[in-house]
Amino acid sequence: MTDPAATRSRDSWATRAGFILAAVGSAVGLGNMWRFSYVAAEGGGAAFVLLYLVFVAVIGVPIMTSEFVVGRMSQESPVVAVQRLGGPKWAPLGWMFVFCGFGILSYYSVIAGWTMRYALDATRGIIGTDAGAYFQSVATGVPAIVTHVIFMALTIFIVVAGVKRGLERAALVLMPLLFLLLVALAIWAATLGGGAAGYGYYLRPQLGELLDPNVIRLAAGQAFFSLSLGMGAMMTYASYLTSKENLGREAATVALCDFGVAFVAGLVIFPVIFHFGLSSTIGLGGAISDNTVGTLFIALPAGLDSLGTLGRVVLSTFFIMLFFAALTSSISLLEVVVSAVIDGWGWSRKQAAIWFGVMIALAGLPAAFNLNFLDAADKFVGNFLLIVGGFFTAILVGYTIPAKADAELAQGMTDPALRKAWAFFVRYLSPVLLLIVIWFMLPTAWNALVTLLTLGRG
Ligand code: PFF
């Protein structure tokens, strides 16, 4: 039997920068702004932010390095990769990755659709002063479905046409611009009166909250979602890597960029929420409402509307850039599904992207009708399953193939002490911490699953 990997010509990154850019493109997206601000609001602010940073550093970077190692070593899509390295019993992990890509994209696209509508409506000045009411009017129902379907069609088109590289070149310009715009907005937010309370909420942790299981579970889930971990996306991208880069350094670079964007976004959102008295609209600090999930989409327009035309242009520009950031993430989500179907069932890229893209668009309809469904899908797939995926990735790399993984990492990371430290994090620290997080997540994950099943049927 011929080895398909030997006869197949596989894509690969031409440069190190191309790989990093794609990985940052996957990581930086709605998670950094939409999800970060709403989960930080839900998680009580500063304690959440600090724990999130800790999880990014002590679990995120080691697990991302592990995903890179598996990807580069196997040069295969995740479903094949985990079986080739760990044996057939690891197949369910690969299929769980695919399920996560499918599930996350289904509702991610609904939110990405909101960015399109906001980009258009901002310039027409129709978001108005009651941003909460506007959000409610476009977040669900027909308006949400229209933009969701358009966004999915774009994602499918890009994955089919293989114009990924073009998009990445666009991202090369747009992402630094997005970051600069955020920095400018953060400076503007700093000039708002009454912002001190916002900074206090965002930056001054209450020590007691650091041990709160709810805050811990939200912070860990956010770290995984934002870094695109626990579902093979980073594995897929690293499987296109042939050169012997230092994978630990690459993971740290991606994590730093990702954290930077989210952190600065918070420096914009929280002073705005407090200055414009939006705490109760959003449901800050306890009274979680339908609007909490729309924190970003309510706070930013409410704030910028006060600046008149200039504010509206800035708002529109912001959402255009966020739309592009979402697109570079959504193609990585679809890529996990498509690469598995191509490798596993022998489908063509076009067939796989269109059929599965359409199924994902259909699966997203309940989320486009009901924010509770969207929230439950995000809690179950976007939080819980990613953590479970991360746990098993650590077990695979740390216990099933530790020597091979070390040898692969050594190609590029030459310092044995650093590799020892990595092995310690992957074998001991990450699995233990992730088990604790899984335990803390069980009740919410269960409730979310029940919500999905009941609303999905109704
Ligand atoms: N990291 C992306 C974001 O923060 O928006 C979302 C995401 C992409 C999650 C790819 C998971 C993934 F595999």
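Residues numbered from 1 in each chain as written. Predicted model: local features only at pLDDT ≥ 70, side-chain atom pairs only at ≥ 80, totals over all residues. Heavy atoms only, no water.

*Asks:* How would you explain the overall build of the protein if you had to name every residue and give the values?
*Replies:* Helix and strand content of the protein: 21 helices and zero strands. Radius of gyration (C-alpha) of the protein: 21 Å, near the 23 Å computed for a compact globule of 458 residues. Across its three principal axes, the protein shows a C-alpha extent of roughly 65 × 50 × 45 Å. The burial tally for the protein puts 59% of its 458 residues in the buried class. Taking the intrachain contacts of the protein between residues at least 6 apart in sequence as the baseline, contacts between residues at least 24 apart amount to 86%. For the protein, the exposed area adds up to about 16,900 Å²; of that, 70% sits on carbon and sulfur atoms. Measuring between centres, the 25 positive side-chain charges of the protein sit 5 Å from its 22 negative side-chain charges. (Helix = DSSP H or I, 4+ residues; strand = E, 2+ residues; numbered from the N terminus. Rg over C-alpha atoms; globule rule 2.2 N^0.38 Å. Buried < 20%, exposed > 50% of the residue type's maximum accessible area, 1.4 Å probe, protein only. Contact = heavy atoms within 4.5 Å. Areas by Shrake-Rupley, 256 points an atom, 1.4 Å probe, with all protein chains shown as cover. Lys, Arg positive; Asp, Glu negative; His and termini not counted. Charge placed at Lys NZ, Arg CZ, Asp CG, Glu CD.)

*Asks:* Give me the lowdown on the environment of I282, citing residues and values where you can.
*Replies:* As for its position among the elements, I282 is in helix α14 (residues 279–282). Sequence-wise, I282 and I298 are 16 residues apart; in three dimensions their C-alpha atoms are separated by 7.8 Å.

*Asks:* Describe in detail the site of the ligand, supporting the description with residues and values.
*Replies:* By nearness alone, 15 residues border the ligand, and A27, G31, Y108, F225 and S228 come closest of all. Here an oxygen atom of the ligand and a side-chain polar atom of N32 are 3.5 Å apart. Contacts to the ligand include S228, whose side-chain N or O atom sits 2.9 Å from a nitrogen atom. Contact with the protein chains covers 100% of the free accessible surface of the ligand, which is 340 Å². The set of elements that each furnish at least two residues to the shell around the ligand consists of α2 (16–27), α3 (30–42), α11 (213–226) and α16 (308–345). Looking at the shell around the ligand residue by residue, the classes come out as seven nonpolar, eight polar and no charged. (Near = heavy atom within 4 Å. Polar contact = N/O pair within 3.5 Å; in protein donor to acceptor, adjacent residues only side chain to side chain. Nonpolar A, V, L, I, M, F, W, Y, C, P; charged D, E, K, R; others polar.)

*Asks:* Help me get a handle on the side chain of T236, residues and values and all.
*Replies:* Looking at where T236 falls in the secondary structure, it is placed in helix α12 (residues 233–238). There is a polar contact of 2.6 Å between the side chain of T236 and the backbone oxygen of G232. Apart from residues lying up to four places away in sequence, T236 is in contact with P78, E335, V336 and S339.

*Asks:* A description of the nonpolar core should follow, citing residues and the corresponding values.
*Replies:* By size, the foremost hydrophobic cluster in this structure holds 175 residues, and its most contacted members are W34, F48, W114, F318 and L374. Once residues lying within four places of it in the same chain are set aside, the contact partners of W34 are Y107, I111, W114, V293, L296, F297, L374 and D378. (Core = buried A, V, L, I, M, F, W, Y, C linked by side-chain atoms within 4.5 Å.)

*Asks:* So, the confidence of the model for the protein: which residues are in play, and what are the values?
*Replies:* When pLDDT is averaged along the protein, the result is 90; 94% of the residues meet or exceed 70. Ranking the elements of the protein by mean pLDDT puts helix α1 (residues 4–7) last with 43 and helix α20 (residues 402–410) first with 97. Low confidence marks residues 1–7, where pLDDT is under 50. Its contacts with residues over four positions away, or in another chain, come to three contacts. (pLDDT = per-residue confidence, 0-100.)

*Asks:* Break down the packing of α11 against helix α19 (residues 371–400) for me, with residues and values.
*Replies:* Look at α11 against α19: their axes get within 9 Å of each other, and the N-to-C directions meet at 80 degrees. The angle between α11 and α19 falls in the class roughly perpendicular. Contacts between α11 and α19 involve R217, A220, G221, Q222, F224 and F225 on the former and, on the latter, D378, K379, G382, N383, L386, I387 and G390. (Axes fitted to C-alpha atoms, helices over the stretch in contact; angles between N-to-C directions. Parallel < 35°, antiparallel > 145°, perpendicular 65-115°, else oblique.)

*Asks:* So what's going on with the packing of aromatic side chains? Which residues, and what values?
*Replies:* A full pass over the atoms with the stated rule returns 31 aromatic pairs. For the ring pair Y202 and F270, a centre distance of 5.2 Å and an interplane angle of 15 degrees mean the geometry is stacked. With Y202 in helix α10 (residues 195–203) and F270 in helix α13 (residues 247–275), this pair connects stretches of sequence that are 68 residues apart. Side by side, Y202 and F270 carry an identical accessibility label, which is buried. Ring geometry for W347 and F356: centres 5.7 Å apart, planes at 55 degrees, overall tilted. A relative accessible area of 26% means that W347 is categorised as partly exposed. Aromatic ring contacts, followed pair by pair, group F36, F48, Y52, Y201, Y202, F259, F263, F270 and F274 into a single cluster. (Phe/Tyr/Trp six-rings, centres within 6.5 Å; stacked < 30°, edge-to-face > 60°.)

*Asks:* Kindly report on unusual backbone geometry, identifying the contributing residues and their values.
*Replies:* The backbone phi angle of Q75 is positive, close to 50 degrees, even though this residue is not glycine. Looking at the element boundaries, Q75 is found in the loop between α4 (46–74) and α5 (78–86). Here S228, not a glycine, exhibits a phi torsion of approximately 55 degrees, which is positive. In this structure, S228 sits in the loop between α11 and α12.

*Asks:* Please give an account of a nonpolar patch on the surface that cites residues and values.
*Replies:* Together, V142, V146, I150 and L154 line one region of the surface with nonpolar side chains, adding up to about 320 Å² of accessible area. Examined against the element boundaries, V146 turns out to sit in helix α8 (residues 142–161). According to the relative accessible area criterion, V146 is partly exposed, its value standing at 41%. (Patch = residues over 30% accessible without salt bridge, like charges linked within 9 Å, V, L, I, M, F, W, Y side chains within 5 Å. Salt bridge = Lys/Arg side-chain N within 4 Å of Asp/Glu carboxyl O.)

*Asks:* Talk me through the pattern of salt bridges; I want residue IDs and the actual numbers.
*Replies:* Scanning the model with the defined rule gives 13 salt bridges in all. The salt bridge involving D121 is made with R124; its shortest N-O contact spans 2.9 Å. Across the pair R249 and E250 runs a salt bridge whose closest N-O atoms are separated by 3.9 Å. On the basis of relative accessible area, E250 is assigned to the buried category, the value being 0%. One continuous salt-bridge network, built from bridges that share partners, spans R16, E245, R249 and E250.

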